[in-house]
Amino acid sequence: MDSLLAGIPNLLDDSVPDGDNDTQNEEVTRWGDIEALPKKLEWTDDFEPKWHDDVAAGLNGYLAEAAVQMSGARFVALSGVIAQLERAIAMYFVDLHTTQHGYTE
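For every chain, the first residue of the written sequence is number 1, and numbering continues from 1 onward in sequence order. Under the rules for a predicted model, residues below a pLDDT of 70 receive no local features and side-chain atom pairs below 80 are neither given nor counted, while totals for whole chains, interfaces and linings still include all residues. Computation of side-chain values covers all heavy atoms of the structure but excludes hydrogens and water.

## With respect to the overall build of the chain
Thought 1: Each helix is a run of H or I in the DSSP string that is no shorter than four residues. Each strand is a run of E no shorter than two, and both are numbered from the N terminus. Helix and strand content of the chain: five helices and two strands.
Thought 2: Reading the chain from its N end, one meets helices and strands in the order α-α-α-β-α-β-α.
Thought 3: Relative to a compact globule of 105 residues, whose C-alpha radius of gyration would be 13 Å, the chain shows 19 Å and is clearly more extended.
Thought 4: For the chain, the spread of C-alpha atoms along the principal axes amounts to about 55 × 40 × 35 Å.
Thought 5: Working definition: with a 1.4 Å probe on protein chains only, accessible area under 20% of the residue-type maximum means buried, over 50% means exposed, and in between means partly exposed. Per-residue burial over the chain gives 7% buried out of 105 residues.
Thought 6: The contacts of the chain with a sequence gap of at least 6 include a subset with a gap of at least 24, amounting to 10%.
Thought 7: Values of accessible area rely on a 1.4 Å probe in the Shrake-Rupley scheme; residue burial ignores everything except the protein chains shown. Of the accessible surface of the chain, which amounts to about 10,100 Å², a share of 55% is contributed by carbon and sulfur atoms.
Thought 8: When the 6 positive and 20 negative side-chain charges of the chain are each reduced to one mean point, those points stand 8 Å apart. Here the radius of gyration uses the C-alpha set of atoms, whereas the globule reference equals 2.2 Å times the residue count to the power 0.38. By the convention used here, residues are in contact when the closest approach between their heavy atoms is within 4.5 Å. His is not counted, nor are the chain ends, whereas Lys and Arg count as positive and Asp and Glu as negative. Every charge is mapped to an atom, namely NZ of Lys, CZ of Arg, CG of Asp or CD of Glu.

Okay, here's the thing in structure tokens:
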């Protein structure tokens with residue numbers, strides 16, 4: 001049964017256009033003003049933002065290769081403080097929505 005289930009891909013919504021890879025993705029909406037962000041955050045001219053996965057990898061908490069070995073492409077394994085941060089963010093949102101927005105667990 002496990003091998004049968006492992007062969008089933010993640011299903012896409014019918015509205016997702018067909019494409020050969022992620023470079024053919026279609027941008028549906030954009031939120032915020034990316035040009036205003038550096039000023040709003042008071043970045044200096046020499047500041048170079050990093051992708052979140054590069055920051056996590058630098059902290060030895062982003063284990064992409066280990067995840068590929070466990071479950072295949074496009075998955076990641078987290079460890080250490082990065083795994084703790086992931087859980088803390090999830091719990092924050094569960095707590096926020098159960099106490100202030102009517103969500104029921």
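Picking up where we left off.
## Concerning the confidence of the model for the chain
Where the model shows low pLDDT, its predicted coordinates should not be examined in detail.
Thought 1: The pLDDT averaged across the chain works out to 89; a share of 100% of its residues lies at or above 70.
Thought 2: Every residue gets a pLDDT, meaning the predictor's confidence in that residue, from 0 to 100. At the level of individual helices and strands, the chain shows its lowest average pLDDT in helix α1 (residues 2–6), which scores 82, and its highest in helix α5 (residues 80–100), which scores 96.

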